[in-house]
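# Coordinates in review
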Amino acid sequence: MVLLTLRETVLFICGNSENLSICVFAFVFQIRPCEMYNEEYSDCTSIKARFHQYFIYGETIDCSQWKRDFNSCVRWRDEHNSNALKELVQSEKNRRLKRLEGHYNNDVWKKRLEPPADWNKPLPERLIKEYENTYLYHRAKEMAGSKPEEVHRTLCVLS
């Protein structure tokens, strides 16, 4: 079985012009509610965000893509404009690819195709002993129906 990365999947689905409608509707789930695009634009252009952008990047960033996405979303929602939907889906795909660019370009770690063979081996004895003294352990036993053990503790009360 061959596992494709997101970039390979996008190229596979959207590479041909005849598959464009399939491509668009395969990624419709990524579209946010229209109001979120407007909120992102407002947040991006706020004074607080501008100070943060200047501090991090040394300049303010271009927020116009959020406004274009909002306008496209409204055109899709109100007029069912298919070009607006295509623009919006492409914008979301570009945003996702940019966000995951560091992950795809990471050559430090070797990516696994399957979990390790011993992923479900029993815990070491010391971890089992530590777990027996936790609230979660006692609560799980109580919910399973077994009677909780009496814990003998001394309390120090200051008056």
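Heads up: these notes are all about the structure in this document.

The rules behind each value
Residues numbered from 1 in each chain as written. Predicted model: local features only at pLDDT ≥ 70, side-chain atom pairs only at ≥ 80, totals over all residues. Heavy atoms only, no water. Helix = DSSP H or I, 4+ residues; strand = E, 2+ residues; numbered from the N terminus. Expected span 1.5 Å × (residues − 1). Polar contact = N/O pair within 3.5 Å; in protein donor to acceptor, adjacent residues only side chain to side chain. Axes fitted to C-alpha atoms, helices over the stretch in contact; angles between N-to-C directions. Parallel < 35°, antiparallel > 145°, perpendicular 65-115°, else oblique. Left-handed = near helix turned anticlockwise from the far one by under 90°. Contact = heavy atoms within 4.5 Å. Nonpolar A, V, L, I, M, F, W, Y, C, P; charged D, E, K, R; others polar. Buried < 20%, exposed > 50% of the residue type's maximum accessible area, 1.4 Å probe, protein only. Phe/Tyr/Trp six-rings, centres within 6.5 Å; stacked < 30°, edge-to-face > 60°. Salt bridge = Lys/Arg side-chain N within 4 Å of Asp/Glu carboxyl O.

For the rest of this paragraph, the subject is helix α6 (residues 82-99). Between its terminal C-alpha atoms α6 stretches 26 Å, which fits the 26 Å expected from 18 residues at 1.5 Å a residue. Structurally, the start of α6 carries an N-cap: the backbone nitrogen of asparagine 83 is 2.9 Å from a side-chain oxygen of asparagine 81.

With that out of the way, let us pick up the packing of helix α3 (residues 34-44) against helix α5 (residues 64-79). α5 packs onto α3 with a crossing angle of 165° between their chain directions and a minimal axis gap of 8 Å. By the angle class used here, α3 and α5 are roughly antiparallel. Helix-helix and strand crossings are classified by hand; for α3 and α5 the assignment is left-handed. Facing Cys34, Glu35, Tyr37, Asn38, Glu40, Tyr41 and Cys44 of α3, the residues of α5 in contact are Trp66, Lys67, Asp69, Phe70, Cys73, Val74 and Arg77. Classifying every residue of the contact of α3 with α5 by side-chain character gives eight nonpolar, one polar and five charged.

Glancing now at the packing of α5 against α6. Any two packed helices are characterised by the angle at which their axes cross and by the distance between the axes. Following both chains from N to C, one finds α5 and α6 inclined at 140°, their axes separated by 8 Å at the closest point. The angle between the axes of α5 and α6 places the two elements in the oblique class. Judged by the twist between their axes, the crossing of α5 over α6 is left-handed. Contacts between α5 and α6 involve Gln65, Trp66, Asp69, Ser72, Cys73, Arg75 and Trp76 from the first element and Ala84, Leu85, Glu87, Leu88, Ser91 and Arg95 from the second. Taken together, the residues of the contact of α5 with α6 break down into six nonpolar, three polar and four charged.

On to the side chain of aspartate 69, then. Along the chain, aspartate 69 turns up in helix α5. When its relative accessible area of 2% is taken as the criterion, aspartate 69 is described as buried.

Counted by the stated rule, this structure contains two aromatic pairs. Ring centres of tyrosine 37 and tryptophan 66 lie 6.3 Å apart, and the angle between their planes is 40°; this geometry places the pair in the tilted category. Placement of tyrosine 37 in helix α3 and of tryptophan 66 in helix α5 is noted, with a sequence separation of 29 residues between them. Taken together, a centroid distance of 5.3 Å and an interplanar angle of 75° make the contact between tyrosine 131 and tyrosine 137 edge-to-face.

Here we take up the pattern of salt bridges. Using the criterion set out here, one finds 10 salt bridges in the structure. Linking glutamate 92 and arginine 95 is a salt bridge whose minimum nitrogen-to-oxygen distance equals 3.0 Å. Of the two residues, glutamate 92 and arginine 95 are both situated in helix α6; the distance of three residues between them amounts to about one turn of the helix. Take glutamate 92: its relative accessible area is 6%, and that puts it in the buried class. As a salt-bridge pair, glutamate 130 and arginine 126 come within 3.7 Å of each other at their nearest N and O atoms. In this pair, glutamate 130 and arginine 126 are both assigned in helix α8 (residues 125-131), four residues apart and thus about one turn of the helix distant. Looking at glutamate 130, the relative accessible area reads 48%, which means it is partly exposed. Taken together, the shared-partner salt bridges connect Arg32, Glu40, Asp69, Glu92 and Arg95 into one network.

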